[in-house]
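# Structure at a glance
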Amino acid sequence: MSKTIAVFLLTAAMLATVSVTEAQQPKKVPRIGFLGAGFLGRYEPFLQGLRDLGYLEDRNIVLEPRAAEGNLSSIPTLVAELVQLKVDIMVTVGTAATMAAKRGTSIIPIVMINAPDPVSTGLVASMAHPGGNITGLSSLEVDLGGKRLELLKEAFPKLSRVAVVWNLADTGMTLIAKQIQVAAPPLRVTIQSLGVRNPNDFGGVFIKMSQNRPDALYTIADRLTRLHVKQILEFALKSKIPTMFNSGEFVEDGALMAYGSDRREAARRAAAFVDKILKGAKPADLPVEQPTKFELVINLQTAKQIGLTIPPNVLARADKVIK
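Residues numbered from 1 in each chain as written. Predicted model: local features only at pLDDT ≥ 70, side-chain atom pairs only at ≥ 80, totals over all residues. Heavy atoms only, no water.

### Considering the packing of helix H3 (residues 75-84) against helix H4 (residues 94-104)
Packed helix pairs are characterised by how far apart their axes lie and by the angle those axes make with each other. Inclusion rule: To obtain an axis, a line is fitted to C-alpha atoms, over the contacting stretch when the element is a helix, and the angle between two such axes runs from 0 to 180 degrees between their N-to-C directions. The way it works is that DSSP assigns letters per residue, a run of H or I at least four long becomes a helix, a run of E at least two long becomes a strand, and they are numbered from the N terminus. Here the angle decides the label: under 35 degrees means roughly parallel, over 145 means roughly antiparallel, 65 to 115 means roughly perpendicular, and every other value means oblique. Left-handed describes a crossing whose near helix is turned anticlockwise from the far helix through less than a right angle; right-handed describes the clockwise counterpart. We call two residues contacting when some pair of their heavy atoms lies within 4.5 Å.
Here H3 crosses H4 at 50 degrees, and the two axes come no closer than 9 Å. As the angle between them shows, H3 and H4 are arranged oblique. Regarding H3 and H4, the two cross each other, and that crossing is right-handed. Between H3, through Ile75, Val79 and Val83, and H4, the contact on the second element is made entirely by Ala96, Ala97, Ala100, Ala101 and Gly104.

### Concerning the environment of Arg269
Which entries qualify depends on this criterion: In protein, a polar contact means a hydrogen-donor-capable atom and an acceptor-capable atom, both N or O and within 3.5 Å, with residues adjacent in sequence counting only if both atoms are side-chain atoms; elsewhere, any N or O pair within 3.5 Å suffices.
For Arg269, the location among the structural elements is in helix H11 (residues 263-278). As for Arg269 and Thr92, which are separated by 177 residues in sequence, their C-alpha atoms are 13 Å apart. Side-chain polar atoms of Arg269 contact the side chain of Glu289, separated by 2.4 Å.

### Quick word on the sheet that holds strand S4 (residues 110-115)
Which entries qualify depends on this criterion: Strands qualify as paired when DSSP identifies two bridges or more between them.
One open sheet holds the 5 strands; their spatial order is S2-S1-S3-S4-S5, and the pairing between them is parallel. The open sheet is flanked by strand S2 (62-67) and strand S5 (134-138), the only strands paired with a single partner. Averaged over all neighbouring strand pairs, the angle between strand axes comes to 15 degrees, with direction disregarded. Bridge count for S4 against S5 is 4 bridges, and the pairing is parallel. Note on S5: the bridge partner recorded for Met112 is Gly136.

### A word on the side chain of Glu249
Rules: Relative accessibility under 20% of the residue-type maximum defines a buried residue, over 50% an exposed one, and the middle range a partly exposed one, all with a 1.4 Å probe and only protein chains included.
Structurally, Glu249 can be placed in helix H10 (residues 248-252). Judged by relative accessible area, Glu249 falls into the buried class, the value being 15%. Engagement of the side chain of Glu249 in a polar contact is seen with the side chain of Arg226, the distance being 3.4 Å. Excluding residues that lie within four positions of it along the chain, Glu249 makes contacts with Arg42, Arg226, Arg263 and Arg264.

### Let's talk about the packing of aromatic side chains
What characterises a pair of aromatic rings is the spacing of the ring centres plus the angle enclosed by the ring planes. We count it as follows: Paired rings are identified among Phe, Tyr and Trp, the last through its six-membered ring, by centres lying within 6.5 Å, and are further divided according to the angle between planes into stacked (under 30 degrees), edge-to-face (over 60) and tilted (the rest). In this analysis the charged atom, NZ for Lys or CZ for Arg, is taken to sit over a ring once it is within 6 Å of the ring centre and within 35 degrees of the ring normal.
Under the defined criterion, the tally for this structure stands at 5 aromatic pairs. Here a set of aromatic residues connected by ring pairs shows up, and it is made of Phe34, Tyr43 and Phe46. If you follow Lys276 out to its NZ or CZ, it ends over the ring of Phe273, 6.0 Å from the centre.

### What about the side chain of Asp170?
Within the secondary structure, Asp170 sits in the loop between strand S6 (161-167) and helix H6 (171-183). Excluding residues that lie within four positions of it along the chain, Asp170 makes contacts with Thr95, Ala96 and Asp222.

### Describing the nonpolar core
Here is the rule we go by: By convention a nonpolar core is built from buried Ala, Val, Leu, Ile, Met, Phe, Trp, Tyr and Cys residues, the set being connected through side-chain atoms within 4.5 Å.
Val162, Ile220 and Met257 are the most contacted members of the largest nonpolar core, which has 33 residues in total. At the level of elements, helix H5 (141-155), S6, H6, strand S8 (216-219), strand S10 (257-261) and strand S11 (294-299) are the ones that each hand at least two residues to this core. Sorting elements by how many residues they give to this core places H5 first, with 6 residues. The contact partners of Met257, leaving out residues within four places of it in the chain, are Leu151, Leu152, Ala155, Phe156, Thr243, Met244, Phe245, Val251, Leu296, Val297, Ile298 and Val314. Residues Ala163, Ile232, Phe245 and Ala255 belong to the second largest nonpolar core, which totals 24 residues.

### Considerations on the pattern of salt bridges
The line we're drawing: Counted as salt bridges are all cases of a side-chain nitrogen of Lys or Arg within 4 Å of a carboxyl oxygen of Asp or Glu.
Overall, the coordinates contain 15 salt bridges when judged by the stated rule. With its nearest N and O atoms 2.4 Å apart, the salt bridge here joins Glu64 to Arg31. Of this pair, Glu64 sits in strand S2 while Arg31 sits in strand S1 (residues 31-36); the two residues are 33 residues apart in sequence, bridging distant segments of the chain. For Asp52, the salt bridge is made with Arg268, and the minimal N-O distance between the two is 3.9 Å. Separated by 216 residues along the polypeptide, Asp52 in helix H2 (residues 43-52) and Arg268 in helix H11 bring together distant segments of the chain. Judged by its relative accessible area of 48%, Asp52 falls in the partly exposed class.

### A word on the sheet that holds S11
The strand order across the open sheet built from 7 strands is S7-S6-S8-S9-S10-S11-S12, with neighbouring strands paired in mixed fashion. Strands with a single pairing partner mark the edges of an open sheet, and in this sheet they are strand S7 (190-196) and strand S12 (320-322). Shown here is a sheet whose adjacent strand axes are inclined to one another by a mean of 20 degrees, direction ignored. With 5 bridges connecting them, S10 and S11 associate as antiparallel partners. Its bridge partner being in S11, Tyr259 is matched across the sheet by Leu296. Along the sheet, H6 makes contact with S6, S7 and S8, crossing S6 at roughly 165 degrees. Along the sheet, helix H9 (residues 229-239) contacts S8 and strand S9 (243-245); its crossing angle with S9, the most-contacted strand, is approximately 150 degrees.

Right, here's the structure in full:
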């Protein structure tokens, strides 16, 4: 055997060995972090979205869900934990969680869910060209702030003062509250601002509304206010105050009205962003999506309990009526 042939056979053998070794090595399974500022209410719809795209937990994808349970101070720690786990993508719900993730990493792709006005809050450069490592879904909550106030006025034409409860510590929620203030004067409505920062503030909110009763209560639901929805609705029912929320799920719990996009659907849609990024797309090149479908939900049981009648023209516009 010539020296040339021997070298050729040795090289071929080495290449064959490398190919077999590579074939035997298990393919890296993507690890996805999921961070909710409140509880994991959006996790199941997101999980269903992944399943619809062929991703099965602990088979071809690993999931790392985390929830701050309304404790804003714990979010940076949860972000650091996900970064240390070297997740391939981080999915965040709301402005507070997304901002913490943005501060925690500029490398790991971030897919946000239901973030109000991500441009004004500095999360992305623009909706069409996000730039950086963040993309996902906006909630259009800021734009809808005034619309909900209009619906309240249509339902109750004599309405003159509306109490607004929101989380002062959340930049996105504060933007919504400001938009409501802007929308109020043309409707001849005065806003009773009742911002909260922690669970201890809600007692004072109820006292203020008892002393100066509003014609309606508008709650901007987020990680903090969600934790106290039961108390808010109990107070409103006892005081016979009509309530407006930003999601139909609260009407199912007893709120009078809600107008907004389907937040569960947004969580499901986030899976499509994860899929695109896993297949090589960069967050900077994926335009931020905005909801296109909105629904008005009315609870006639609650209306009856507080002794109010919803005008036929408003009722006719409802997408869902709970009788």
